Amino acid sequence: MAVEELQSIVKRCQILEEHDFKEEDFGLFQLAGQRCIEEGHIDQLLQIIQNEKNKVIIKSMGWNLVGPVVRCLLWNDKDDKRKDYFLMLDLLVKLCNPKELLLGLLELIEEPSGKQISQIILLLLQPLQTVIQKLPNNRAYSVGLALSTLWSQLSLLPVPYSKEQIEADDYGLCQCCRALIEFTKPFVEEVMNGKDNKEKEKLKDELLKFCFKSLKCPLLTAQFLEQSEEAGNDPLRSFASDIISFLSAIGYPLPQIIFNHGKRKRTWDYLEFEEEEDKQLADSMASLAYLVFVQGINLDQLPMVLSPAYILQFNMEHVEVFLQRTEESIFSKGLELLENGLLRIEDNSLLYQYLEIKSFLSVPQGLVKIMTLCPIETLRKKSLAMLQLYINKLDSQGKYTLFRCLLNTSNHSGVEAFIIQNIKNQIDLSFKKTYNKWFTGPQLISLLDLVLLLPEGAETDLLQNSDRIMASLNLLRYLVIKDNEHDNQTGLWTELGNIENKFLKPLHTGLNMSKAHYEAEIKNNQKNTQAVQKSQNFCSVTVSGEEIPNMPPEMQLKVLHSALFTFDLIESVLARVEELIEMKTKSTSEDVGIK
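Each chain has its residues counted from 1, running along the sequence as written. Owing to the predicted nature of the model, reporting of local features is limited to residues with pLDDT of at least 70; listing and counting of side-chain atom pairs is limited to 80 or more, with chain, interface and lining totals taken over all residues. Here the side-chain values reflect all heavy atoms present in the structure, with hydrogen atoms and water set aside.

### Considerations on the overall build of the chain
- Working definition: helices are DSSP H or I runs of at least four residues, strands are E runs of at least two. Numbering for both runs from the N terminus. Counting secondary structure elements, the chain contains 26 helices and two strands.
- Burial classes follow relative accessibility: with a 1.4 Å probe on protein chains only, a residue under 20% of its type's maximum area counts as buried, one over 50% as exposed, and anything between as partly exposed. Here the chain, with 595 residues, has 49% of them falling under the buried criterion.
- Sequence-distant contacts in the chain: of pairs separated by 6 or more residues, those separated by 24 or more amount to 73%. Two residues form a contact once any of their heavy atoms are found within 4.5 Å.

### Some words on the nonpolar core
- Throughout this description, the term nonpolar core refers to a set of buried Ala, Val, Leu, Ile, Met, Phe, Trp, Tyr and Cys residues connected via side-chain atoms within 4.5 Å. Leu128, Phe183, Phe293, Ile423, Leu473 and Leu507 are the most contacted members of the largest nonpolar core, which totals 185 residues.
- Once residues lying within four places of it in the same chain are set aside, the contact partners of Leu507 are Leu454, Leu462, Ile469, Leu473, Ile570 and Leu574.

### Thoughts on the packing of aromatic side chains
- Classification of ring pairs uses Phe, Tyr and Trp, with its six-membered ring standing for Trp, and accepts pairs whose centres are within 6.5 Å; under 30 degrees between planes counts as stacked, over 60 as edge-to-face, and the remaining range as tilted. According to the stated counting rule, one finds twelve aromatic pairs in the structure shown.
- With a centroid separation of 6.4 Å and 65 degrees between ring planes, the pair formed by Phe431 and Tyr478 is classed as edge-to-face. Here Phe431, found in helix H22 (residues 413-432), pairs with Tyr478, found in helix H24 (residues 466-482); they are 47 residues apart in sequence, far enough to count as distant.
- You can call Tyr478 buried: its relative accessible area is 12%.
- Here a set of aromatic residues connected by ring pairs shows up, and it is made of Phe259, Phe293, Tyr310 and Phe314.
- Working rule: Lys NZ or Arg CZ, within 6 Å of ring centre, within 35 degrees of ring normal, means a charge sits over the ring. Taking the ring centre of Tyr171 as reference, the NZ or CZ of Lys115 above it sits at 5.5 Å.
- A cation sits over an aromatic face here: Lys204 above Tyr252, 5.0 Å from the ring centre.

### Some words on the packing of H22 against helix H23 (residues 441-451)
- Axis lines are fitted through C-alpha atoms, for helices just across the contact stretch, and the angle between N-to-C directions can take any value from 0 to 180 degrees. Two elements in contact, H22 and H23, have axes whose closest approach is 11 Å; the angle formed by their N-to-C orientations is 155 degrees. Judged by the inter-axis angle, H22 sits roughly antiparallel to H23. Regarding H22 and H23, the two cross each other, and that crossing is left-handed. Contacts between H22 and H23 pair Ile420, Ile423 and Ile427 from the former with Leu444, Leu447 and Val451 from the latter. Throughout, the term roughly parallel applies to angles under 35 degrees, roughly antiparallel to angles over 145, roughly perpendicular to angles from 65 to 115, and oblique to all others. In this scheme, a crossing is called left-handed if the near helix is turned counterclockwise away from the far one by less than a right angle; it is called right-handed if the turn is clockwise.

### Thoughts on the pattern of salt bridges
- Any Lys or Arg side-chain nitrogen located within 4 Å of an Asp or Glu carboxyl oxygen qualifies as a salt bridge. On inspection of all chains with the given rule, the structure shows 14 salt bridges.
- For Arg139, the salt bridge identified is with Glu190, shortest N-O distance 3.0 Å. Of the two residues, Arg139 sits in helix H9 (residues 139-154) while Glu190 sits in helix H11 (residues 173-193), which places them 51 residues apart along the sequence.
- For the salt bridge of Asp568 with Lys515, the shortest nitrogen-to-oxygen distance reads 3.2 Å. Separated by 53 residues along the polypeptide, Asp568 in helix H26 (residues 553-594) and Lys515 in helix H25 (residues 496-535) bring together distant segments of the chain.
- A residue is classified by how much of its surface remains accessible, and Asp568, at 38% relative accessible area, is partly exposed.

### Overview of the confidence of the model for the chain
- What pLDDT expresses is the predictor's confidence in each residue, scored from 0 to 100. Confidence along the chain averages 87 in pLDDT terms, with 87% of residues attaining 70 or more.
- Scored below 50 in pLDDT, residues 262-271 makes 21 contacts in the model with residues more than four places away or belonging to other chains.

### Thoughts on the side chain of Gln426
- Position of Gln426 among the secondary structure elements: in helix H22.
- Classification of Gln426 by relative accessible area gives buried; the value is 11%.
- Once residues lying within four places of it in the same chain are set aside, the contact partners of Gln426 are Lys399, Phe403 and Phe439.

### Quick notes on empty space enclosed by the protein
- Within this scheme a cavity is a closed region of a 1 Å grid, computed over the protein atoms alone, that accommodates a 1.4 Å probe without allowing it to escape, whereas a pocket is open but has protein on both sides within 12 Å along at least five of seven lines; lining residues each have an atom within 4 Å of a point. Grid points are joined across faces, edges and corners, and a volume is the space filled by probe spheres set on the points. Taken as a whole and assessed by the stated rule, the structure comprises two cavities of 30 Å³ or more.
- Around the largest cavity sit Ile445, Leu448, Asp449, Leu452, Glu495, Asn498, Ile499 and Lys502, which together line it.
- Broken down by secondary-structure element, the contributors of at least two residues to the lining of the largest cavity are H23 and H25.
- When grouped by side-chain class, the residues that make up the lining of the largest cavity number four nonpolar, one polar and three charged.
- Of the volumes computed, that of the second largest cavity is approximately 40 Å³.
- Lining the second largest cavity, in full, are Trp151, Leu154, Leu173, Cys177, Leu180, Phe210, Ser214, Cys217, Pro218 and Phe239.
- If you list the elements that add at least two residues to the lining of the second largest cavity, you get H9, H11 and helix H12 (198-216).
- Split into classes, the residues belonging to the lining of the second largest cavity amount to nine nonpolar, one polar and no charged. Gly falls in the polar group here, along with every residue not listed as nonpolar (Ala, Val, Leu, Ile, Met, Phe, Trp, Tyr, Cys, Pro) or charged (Asp, Glu, Lys, Arg).

Here you go:
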């Protein structure tokens, strides 16, 4: 029945000119053709399509059959008639109006979700390429529209993370990346070999946009296999290499594109793309820097005369972009890129003036955030190692400036303890090796004003700030032992009165208050334990105005005793510091008396 209906429609349209076809004819042709496909009348439909008399009809109306044919290929992967479906698709691509067919194919690509995204892209890339190449004009716009649609769909697919996921490629992203490169090659070659004209420049522009979109997704989050024999089999690495090669092929050599980004002068040919660069391409440029400097893709294209400090300065902006992200797969690349730049620099050689550049201060602050907030231990440790490496590369004034900055901004006791330990190390080097004005005398005293104090005086939460307090006491103990009062190289003895008033005395008071509070809580806990065990399994205890989360009484008691132990430890070191101060001042007084 469906075949007869289709034949009747075709026969009626054969005697009409193309411009005489009515909207009703298109609808009837589509319905009858779709029913033929659904009922399995493929041979008869193929005969109608291949009939030379129907050439004009198929050119105008045939594109409506592409959707049903493609759905049959997707849904009936074991159908005996798959070869006929493919033949029909090829014929429709060959015979139909390319403009209408282009829009129809792109609509089909936009339809699916999940794993079907890659299936339909892999199925339609070759027909889509053929259709675009058949277009008589305005091809650049069509290439851009197709690449944008394909990229939008691919960006919905999860990027494989591990070697096993890359090999399994469950969602087909890796296959699609390979196929997308083959799809794009003819248009890249067209730019390379074509005559200079407006259409070529537009095509070049569309390809440039696509390359930068690809650098952002999937390559920004993509993880690459180790650079060994397996690297050659890494589909995402191959995709990255091809994208970077495309940039050079269409007239944007790597040195130009990588070092011109962010400059005031116009980098691209079109204002539209320049505006897009300002808003969207920070991630893409960071991804490109990672691929080139860390993965070594096309690194040999860069000038060999670039200084390590220049490369670091260039990459710090991109490290900052990486560290601002919350995805592990992205900010871990920032750590790698930072390490790559820092390892090129000699220790103590990075001039303090670099800290006047925004990224040189924001990057260490980003490292602090990872150190304190990231749930993954390996990345916390890596960030700590990178911060120490960064400190090691700075000159003395740079270290001094960074220490002041982090002490004022970190708001984390453990980080502050880490900085204080570094300050101690620099003072020690100044004693043992070369005099360093930044870690002796007035400059050091100014820095110690940030270290040897309690943020809220005696009311400071000593438990929460215990790491910082212990580090400060250890630094003070070191200074008292190392610097004699009559030498006073550090300026400590001149400022000792202020230190006692701002740090030591409030600490004494705070320890007495905290110990009394926690001892009272322990007594209350012990009194309530029996009653709690009779009525329920858990109780609550309030410490420093905050309630300890519900836990068994025995566990709460351990927490309270642990706090007391911390206070005892602080008190012990404090007593030792005061003992040393008394010994040193007494010894100096006796020396003066003898003289």
